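Results of the structural survey
Chain by chain, the residues run as shown.
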Amino acid sequence: MKIEAAPLQQPAFPPPARPGDPLDAVDTPALVLDLDASDANVAALHRQAAAAGLAVRAHGKAHRCPALALRQVAAGAIGVCVQKVGEAEGFAAAGVRDILVTNELVDPSKCQRLARLAGQPGLRLAACVDDPLQVQRLAEACARADTRLEVLIEIDVGQKRCGVETVEQALAIAAAIQRAAPRLALRGLQAYHGRAQHLRGVAERADAIARAAGVAGEFRAALERGGFAIREISGGGTGSFPNEAGAGIWTEIQAGSYALMDLDYRANAADPAAPQLRQALGVMTAVISRRASHAVLDGGLKSFAVDSGLPAMRDPRWRVVSLSDEHTVVEPLAGAQPLELGQRLILDPGHCDPTVNLHDWIVGYRGDRVEAVWPILPRSASR
Ligand SMILES: Cc1ncc(COP(=O)(O)O)c(C=O)c1O
């Protein structure tokens, strides 16, 4: 039997909606974005950052959607952050002109892709390092591509993920960067404390970020004493933004979730100093089965990330009971109106970033109309 070669191209599936469609005609399950809420969140955080003298570098990993990134830039962001080289390539191809990879690269192949991207005219590109080997690999890649890159030394300010722990390590890396001139140049520090963003209490978050600011200040002072200029300190995010804005250490904020929002962030005690952020992201599902005891929706674990808890119905009289691969079971509480078969329901996700990663399109709507349908970078961009 002769077996035909499998096609190498992904088959094209149509987007779940078109601009102008009524919202309740969206094909489900679909990722949807309330543009009034998202625009208001973006404007509020950018306004507050500007008042504090801070730049916003929107974290594109939250949505991986070039169209949304360009809107954030149009609304005043200086550019985007990404975690992956593929994301940097995707955002650059769409026209984002200032990109920071807030992550460490080790593989020569990834360093070479980044170094080649750095040669794109008009693109300002940088990456993080926390080991001399990354410096060496990036410098070699830039030499081969005949390009230059800026780098930030990532310091651990409490996150206990990437980042150097001692001033001596930072000084050694800064010296390695200096030796790699003109291929590499030190831009500054990355000081990111993501765990602090999800501490529930206002005082707990303030305390954790005050300690992070103290650590970042010590590293900056030591590097400057060593003769290394620190022009930027990048970090922070949606949950701890007012604390970083008030600390006087950070020069740019890497907020990502603010344009979308999720239940996990809404579980934080509201900081009166923070902009009021509205839930903008949702997943639209349709009712495909119903009984007196419950109804079944057509999106499950393949539509919602549940690492931060189950999604929630917007109508509080309906409770999400369970999710399986393709289904969500919801049950009525007192006063709930019966659901109709085919009825569209938007649920709020527990965690926005990994939920977006399960979808190919963002359907942007205002009121009851679809305004825009934007592609999300493919999951292969996670490399
Ligand atoms: C390095 C870095 N910066 C910024 C962010 C953005 O955080 P948020 O989406 O909570 O604003 C993240 C999110 O995980 C991150 O890993």
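It should be noted that the structure appears before, not after, this text.
To keep things clear, this report deals only with the structure shown in the data block. Within each chain, residues carry numbers counting from 1 in the order of the written sequence. The predicted nature of this model means local features are confined to residues of pLDDT at least 70 and side-chain atom pairs, given and counted, to a pLDDT of 80 or more, with totals for whole chains, interfaces and linings taken over all residues.

Here we look at the overall build of the protein
This is how the line gets drawn: Under the scheme used here, helices are H or I runs from DSSP no shorter than 4 residues and strands are E runs no shorter than 2 residues, and both carry numbers assigned from the N terminus. In this setup the radius of gyration rests on C-alpha atoms only. A globule is expected at 2.2 Å times the number of residues raised to 0.38. Any residue pair is listed as a contact if its two C-beta atoms, each placed from the backbone, are within 7 Å.
Helix and strand content of the protein: 11 helices and 17 strands. Relative to its length of 383 residues, the protein is compact, with a C-alpha radius of gyration of 22 Å against a globular reference of 21 Å. Overall, the C-alpha framework of the protein stretches about 70 × 65 × 35 Å when taken along its three principal axes. Across the protein, contacts joining residues at least 24 apart in sequence account for 69% of those joining residues at least 6 apart.

What to know about helix α2 (residues 66-74)
For an α-helix, the turn length of 3.6 residues means that residues three or four places apart are oriented alike. As a reminder, the rule being used: Note on burial: count the other C-beta atoms lying within 10 Å of the residue's C-beta; 20 or more is buried, 12 or fewer is exposed, in between is partly exposed, and C-beta positions come from the backbone.
If you check which residues of α2 are buried, you get P66, L68, A69, R71, Q72 and V73. Structurally, α2 contributes buried residues whose contacts are with α1 (35-51), β2 (55-59), β3 (79-82), α3 (85-93), β16 (361-366) and β17 (369-375). In the stretch just after α2, G76 is the one whose phi turns positive, near 115°.

Quick notes on the pairing of strand β14 (residues 328-332)
For clarity, the threshold we go by: Only strands joined by at least two bridges in the DSSP assignment are considered to pair.
Relative to β14, strand β11 (residues 295-297) runs antiparallel, the two sharing three bridges. Across the sheet, L297 pairs through a bridge with T328, a residue of β14. The sheet contact formed by strand β13 (residues 318-323) and β14 spans five bridges and is antiparallel. Bridged to R319 within β14 is E331. If you look at the hairpin formed by β13 and β14, you'll find four residues sitting between the two strands.

A closer look at the environment of D36
Along the chain, D36 turns up in helix α1. A residue is classified by how many C-beta atoms lie within 10 Å of it, and D36, with 14 of them, is partly exposed. Sequence separation between D36 and A280 is 244 residues; the distance between their C-alpha atoms is 8.0 Å.

Quick word on the sheet that holds strand β7 (residues 184-191)
The eight strands are arranged β2-β3-β4-β5-β6-β7-β8-β9 in a closed barrel whose pairing can be described as parallel. Relative to strand β6 (residues 149-155), strand β5 (residues 124-129) is paired through four bridges, and the arrangement is parallel. The residue of β6 that forms the bridge with C128 is L152.

Concerning the site of the ligand
Convention followed: Being near a molecule or strand means, for a residue, that its C-beta atom, positioned from the backbone, comes within 6 Å of it. Put simply, Ala, Val, Leu, Ile, Met, Phe, Trp, Tyr, Cys and Pro go in the nonpolar bin, Asp, Glu, Lys and Arg in the charged bin, and everything else, Gly too, in the polar bin.
What surrounds the ligand is a group of 15 residues, the closest being G237, T238, Q254, G256 and S257. In terms of residue class, the shell around the ligand is built from five nonpolar, 10 polar and no charged.

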